[in-house]
Amino acid sequence: MTNVSNETEWDFITGLMESLSAGLIAVDRSLQVRVINHRARKILGLPPLPAHGVQDLEQALGKHPRLVELNQGAFQRPTLPTRAEMSLHDGGERKIVGYSMTFIRTPSGDPLGVSLTFKDLTRIEQLAEQDRLRKRMEALGHMASRLAHQIRNPIAAINVMLDLIR
């Protein structure tokens with residue numbers, strides 16, 4: 001095995017984080033954001049971290065208080081949420097994200113920080129809502145046609161009786 005320089009290794013790790021299809025945010029125990037990848041910045045509408053690569057949690061994610069609270073409370077929990085969803089509001093826009101959190105640990109198992117990976121599920125939720133609405137409208141149309149049929153039968157009988165009376 002060849003010895004890889006720290007710079008090459010860091011370039012590889014940075015490339016890996018930036019090419020993920022999910023948003024990634026990593027926060028250390030002192031609640032400093034260490035990583036916000038490109039996808040996370042795009043989903044959340046966040047600027048890149050400063051040149052030194054570290055930013056206070058509230059400063060970095062302040063426009064998303066639910067994410068701040070989630071990260072702040074992570075170190076008090078014995079287990080972190082996996083496969084959870086939350087609604088975020090950015091200005092007037094509502095986004096639904098599915099997320100998972102994990103502890104970042106030392107080789108001995110002590111927590112160094114937490115990572116939050118997430119995907120924007122807004123479009124998927126919109127499609128699911130449209131499908132639910134389509135099914136409701138379909139059921140309503142079926143009920144309306146049955147109701148019309150039930151109303152038409154007695155009216156037809158009344159018309160026949162009126163014709164006979166005339």
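The preceding data block contains the structure.
A brief structural summary. (Residues numbered from 1 in each chain as written. Predicted model: local features only at pLDDT ≥ 70, side-chain atom pairs only at ≥ 80, totals over all residues. Heavy atoms only, no water.)

Observations regarding the sheet that holds strand E6 (residues 111-120)
With antiparallel pairing, the six strands of this open sheet are ordered in space as E3-E2-E1-E6-E5-E4. Whereas interior strands pair on both sides, the edge strands pair on one side only; in this sheet they are strand E3 (55-56) and strand E4 (84-90). Examined bridge by bridge, strand E5 (residues 93-105) and E6 share nine bridges and lie antiparallel to one another. Bridge pairing links Tyr-99 to Phe-118 in E6. Here helix H4 (residues 65-72) sits on the sheet in contact with strand E1 (23-28), E4, E5 and E6, set at roughly 140° to E4. Contacts from helix H5 (residues 122-165) reach E4, E5 and E6 within the one sheet, and its direction differs from that of E5 by about 130°. (Pairing = 2+ DSSP bridges. Helix = DSSP H or I, 4+ residues; strand = E, 2+ residues; numbered from the N terminus. Contact = heavy atoms within 4.5 Å. Axes fitted to C-alpha atoms, helices over the stretch in contact; angles between N-to-C directions.)

Comments concerning the packing of aromatic side chains
To describe a pair of aromatic rings, one takes the distance between the centres and the angle between the planes. Here the structure, examined in full by the defined rule, presents one aromatic pair. With a centroid separation of 6.3 Å and 45° between ring planes, the pair formed by Phe-75 and Phe-103 is classed as tilted. Residue Phe-75 is located in the loop between H4 and E4, and its partner Phe-103 is located in strand E5; the two are separated by 28 residues in the primary sequence. Per residue, the accessibility class of Phe-75 equals that of Phe-103, and both read buried. (Phe/Tyr/Trp six-rings, centres within 6.5 Å; stacked < 30°, edge-to-face > 60°. Buried < 20%, exposed > 50% of the residue type's maximum accessible area, 1.4 Å probe, protein only.)

Concerning the nonpolar core
Ranked by internal contacts, the top residues of the largest apolar core, which has 28 residues, are Ile-25, Ile-36, Leu-61 and Phe-118. When contributions to this core are tallied by element, the ones reaching two or more residues are E1, strand E2 (32-36), helix H2 (38-44), helix H3 (57-61), H4, E4, E5 and E6. Not counting residues up to four positions away in its chain, the partners in contact with Ile-25 are Val-33, Val-35, Ile-36, Ala-40, Leu-44, Leu-61, Val-114, Ser-115, Leu-116 and Phe-118. (Core = buried A, V, L, I, M, F, W, Y, C linked by side-chain atoms within 4.5 Å.)

Regarding a nonpolar patch on the surface
Residues Leu-133, Met-137, Leu-140 and Met-143 make up a contiguous nonpolar surface patch of about 400 Å² in total accessible area. Structurally, Met-143 can be placed in helix H5. The class for Met-143 is exposed, based on a relative accessible area of 52%. (Patch = residues over 30% accessible without salt bridge, like charges linked within 9 Å, V, L, I, M, F, W, Y side chains within 5 Å. Areas by Shrake-Rupley, 256 points an atom, 1.4 Å probe, with all protein chains shown as cover. Salt bridge = Lys/Arg side-chain N within 4 Å of Asp/Glu carboxyl O.)

Digging into the environment of Val-35
Mapped onto the elements of the fold, Val-35 is located in strand E2. Separated by 81 residues in the primary sequence, Val-35 and Leu-116 place their C-alpha atoms 10.0 Å from one another. Sequence-distant contacts of Val-35, defined by excluding residues within four places in its chain, comprise Met-17, Leu-24, Ile-25, Ala-26 and Leu-49.

Structural notes on unusual backbone geometry
The residue Leu-31 is not glycine, and still its phi comes out positive at about 60°. Since its relative accessible area comes to 23%, Leu-31 is described here as partly exposed.

Some details on H4
Buried residues of H4: Leu-67, Val-68, Leu-70 and Asn-71, and no others. When H4 is viewed along its axis, its buried side chains cluster within an angular range of 165° and face the same direction. Packed against the buried residues of H4 are E1, H2, H3, E4, E5 and E6. (Arc of directions from axis to C-beta.)

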